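Here are the chains, one letter per residue:
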Amino acid sequence: MSAEEPPFKLRPLPTIEFPILPEDIARERRKKLLIGSSIITLTGLTGALFFLWPGIERKEVHAADRQAQPAVPADLGCVPPSDASAPPPPPPSDSAPLRDPPPRTQSRHRFGQSPGFRPALLSAGLSSSEADAVIAALEGVLDFRRCRPEHEITIERDNEGALKRFEYRASPVQIYEVRRDANGTFRGVRVEVPLEVTEAGHGGFITASLGEAIESAGLGRQLVGPFIEAFENRIDFQSDLRPGDVFKVVVVEERLNGLLYRYGQVLAMELRTQKKGVLRSFYFASPDGLGDFFDESGRPAQGSWLRTPLHYDHISSPFDPKRFHPILRRIVPHNGIDYAAPPGTPVWAAAAGEVIWVGERGPNGNLVSIAHQGGYVTHYAHLLRFAQGLRRGMRVRQKQVIGYVGSTGRSTGPHLHFALERDGRFINPATVLNMQGPPLPPPLMLRFRAEMGRLRRLLEKIELPPPPLALPKVESKPPPPPDPMD
Ligand SMILES: [Zn+2]
């Protein structure tokens, strides 16, 4: 496991790699704006020049500029539009400004599409021997196989042009550095970036949807996934939530310089609903390290099956025997449920079982199939890639990662096609996989109750903002009819 992982057990949330620091997002936006506006400015200026100055050829302008300012790129905005005989800009003075003070150079490059670490170093401008020195210094410090196109390389040279410092930045908290010490040897270290880890409680009123409520409370939308995972066996998110219902969440937050860097594990969730009462769910990790959400009776929130084997954004296509296929343009039964999720989102085994297929399979793209007790088989299609080491004949546990969301095979975008087969017939996972799971065994139940008590107190401490004015008056509505399933 990489050192990047925090010292407590948690399952990563799907969007953890996205920039969630406000400054990250702002920087991305600025980058785009800058590129966009400089293209517009250049085009505009060039156009204006042609329009206002038809008698003079472009070639001459450039030649004049080059003569006048050898080191500076032509500044088209400075060229007078109608007077070609304008005095040339002052010649560079004798105290050549390039000589003082000679700056230490720093250059930054993206890892990009380099076929390997060494080629990336060479294309970033390191000499062959410098590249070898950097690689030797980072041996055992950086896992060269984990380099990604978006990673950044920074090279600093001293006044003589010798390599002074090399930095490899995989993320704001994963930085590796090579420095030349007094003896001239290069040493590589991982730079410790301290993250402040806290358990934070948040809550708010639901007006339109849970996702909207979570966003208006200033929280990341990726917190919706755990709510669905924890409560979908007890609540229908489409029809059971009403304006004025309340959500609360206790989540591990990792902060960098005081700003939220990413969410860790969601520890506790509460929904106060007018239709289904108060529902709570608590995260609990057993000694084998596998964590799950449990209800207050200590039963797994998802029952003995994971009905949704991933954190998803939305259902893009439900189980439908009479579906009109978007690509084939005819009626083709949709034998499973499509869950839209970002590429790379981990996909879990819905229950323990034996892997009976790992590999490409026609329109399914990369497919994993698992046989379970009772004649059930689950299928996971269009995967980007498989979990490392996953083989046919292997036993997997419930919630073991088996692959990652992709768009391989006949697919219109990144999603998981999840199908359930029993005795050779496809059935709807959403209606079949809702059996209750067994409660925790007694020794674990004691520990769970203690942890649940602690988390319940944290939930109780969460203060709610004043309810939004737009909320309808609850008491003016007749109480909902009792749900026959309750
Ligand atoms: Zn599908």
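Note that the structure is a prediction, hence the values are computed from the model and not measured. (Residues numbered from 1 in each chain as written. Predicted model: local features only at pLDDT ≥ 70, side-chain atom pairs only at ≥ 80, totals over all residues. Heavy atoms only, no water.)

Undergrad: Please clarify how the overall build of the protein should be interpreted in this entry.
TA: Secondary structure assignment for the protein yields 8 helices and 20 strands. Residues counted as buried form 41% of the 486 residues belonging to the protein. The contacts of the protein with a sequence gap of at least 6 include a subset with a gap of at least 24, amounting to 64%. Of the roughly 27500 Å² of accessible surface on the protein, 56% is carried by carbon and sulfur atoms. (Helix = DSSP H or I, 4+ residues; strand = E, 2+ residues; numbered from the N terminus. Buried < 20%, exposed > 50% of the residue type's maximum accessible area, 1.4 Å probe, protein only. Contact = heavy atoms within 4.5 Å. Areas by Shrake-Rupley, 256 points an atom, 1.4 Å probe, with all protein chains shown as cover.)

Undergrad: Explanation requested: unusual backbone geometry in the structure shown.
TA: Most peptide bonds take the trans form, and the phi angle of most residues other than glycine is negative. Of note, histidine 382 is a non-glycine position whose phi angle comes to about 65°, a positive value. Secondary-structure assignment places histidine 382 in strand E16 (residues 376–386). For histidine 382, a relative accessible area of 6% gives the class buried. For lysine 399, which is not glycine, the phi dihedral falls at a positive 70°. In this fold, lysine 399 is placed in the loop between strand E17 (395–396) and strand E18 (401–405). On the accessibility criterion, lysine 399 (5% relative accessible area) is buried.

Undergrad: Would you mind going over the environment of arginine 118 with me for this structure?
TA: Of note, arginine 118 is situated in helix H3 (residues 117–123). With relative accessibility at 29%, the residue arginine 118 sits in the partly exposed group. Taking the C-alpha atoms as reference points, arginine 118 and phenylalanine 144, 26 residues apart in sequence, are found 9.4 Å from one another. Setting aside anything within four residues of it in sequence, one finds arginine 118 in contact with Ser128, Ala131, Asp132 and Ile135. For arginine 118, the side chain forms a polar contact with the side chain of serine 128, separated by 2.9 Å. (Polar contact = N/O pair within 3.5 Å; in protein donor to acceptor, adjacent residues only side chain to side chain.)

Undergrad: Can you walk me through the coordination of the zinc ion in this structure?
TA: Expected angles at a metal are 109.5 degrees for tetrahedral coordination by four donors and either 90 or 180 degrees for octahedral coordination by six donors. Protein-derived ligands of the zinc ion are His334 (NE2), Asp338 (OD), Asp338 (OD) and His417 (ND1), with the metal-ligand distances lying across 2.0 to 2.7 Å. Geometry at the zinc ion is irregular, judged from its 4 donor atoms and the angles of 53 to 152° they form at the metal. The sequence pattern describing where the donors of the zinc ion fall on their chain is H-x3-D-x78-H. With respect to burial, histidine 334 and aspartate 338 carry one shared label: buried. (Donors = N, O, S within 2.8 Å, 3.2 Å for Na, K, Ca; no water. Tetrahedral: all angles 85-135°; square planar, octahedral: opposite > 155°, others 65-115°.)

Undergrad: Could you clarify how one ought to interpret the sheet that holds strand E7 (residues 246–256) in this entry?
TA: Each strand in a sheet pairs with its neighbour through backbone hydrogen bonds, running either in the same direction (parallel) or in the opposite one (antiparallel). With respect to topology, 5 strands assemble into an open sheet ordered E6-E7-E8-E9-E10, the strand pairing being antiparallel. Both edges of this open sheet fall to strand E6 (196–205) and strand E10 (291–294), since each of them pairs with a single strand only. Geometrically, the sheet is characterised by an average inter-axis angle of 25° between neighbouring strands, direction not taken into account. In this fold helix H6 (residues 224–231) packs onto E7, strand E8 (259–273), strand E9 (277–285) and E10, with an angle of close to 35° to the strand it touches most, E8. (Pairing = 2+ DSSP bridges. Axes fitted to C-alpha atoms, helices over the stretch in contact; angles between N-to-C directions.)

Undergrad: Hey, could you run me through the sheet that holds strand E5 (residues 186–191) in this one?
TA: The antiparallel open sheet is built from 5 strands, whose spatial order is E1-E2-E3-E4-E5. Strand pairing shows two members of the sheet lacking a second neighbour, strand E1 (105–110) and E5, which therefore form its edges. The sheet shows a mean angle of 15° between the axes of neighbouring strands, direction not considered. For E1 and strand E2 (residues 152–157), the ladder comprises 6 bridges, and the chain directions are antiparallel. Bridge pairing in E2 places arginine 108 opposite threonine 154.

Undergrad: Would you explain the packing of aromatic side chains in this entry?
TA: Aromatic ring pairs are defined here through the distance separating the ring centres and the angle between the ring planes. On inspection of all chains with the given rule, the structure shows 10 aromatic pairs. An aromatic cluster is present here, built from Phe111, Phe117, Phe144 and Tyr168 joined pairwise through their rings. Positioned above the aromatic ring of tryptophan 357 is the side chain of arginine 361, whose terminal nitrogen or guanidinium carbon lies 4.2 Å from the ring centre. Note that arginine 385 overlies the ring of tyrosine 404, its terminal NZ or CZ placed 4.3 Å from the centroid. (Phe/Tyr/Trp six-rings, centres within 6.5 Å; stacked < 30°, edge-to-face > 60°. Lys NZ or Arg CZ within 6 Å of the ring centre and 35° of its normal.)

Undergrad: Just to check I follow, could you spell out the environment of valine 396 for this structure?
TA: Structurally, the position occupied by valine 396 is in strand E17. You can call valine 396 buried: its relative accessible area is 4%. Once the C-alpha coordinates of valine 396 and glycine 353 are considered, the two residues, 43 residues apart in sequence, prove to be 5.6 Å apart. In contact with valine 396, not counting residues within four places along its chain, are Ala349, Ala352, Gly353, Val355, Ile370, Leu390 and Ile402.

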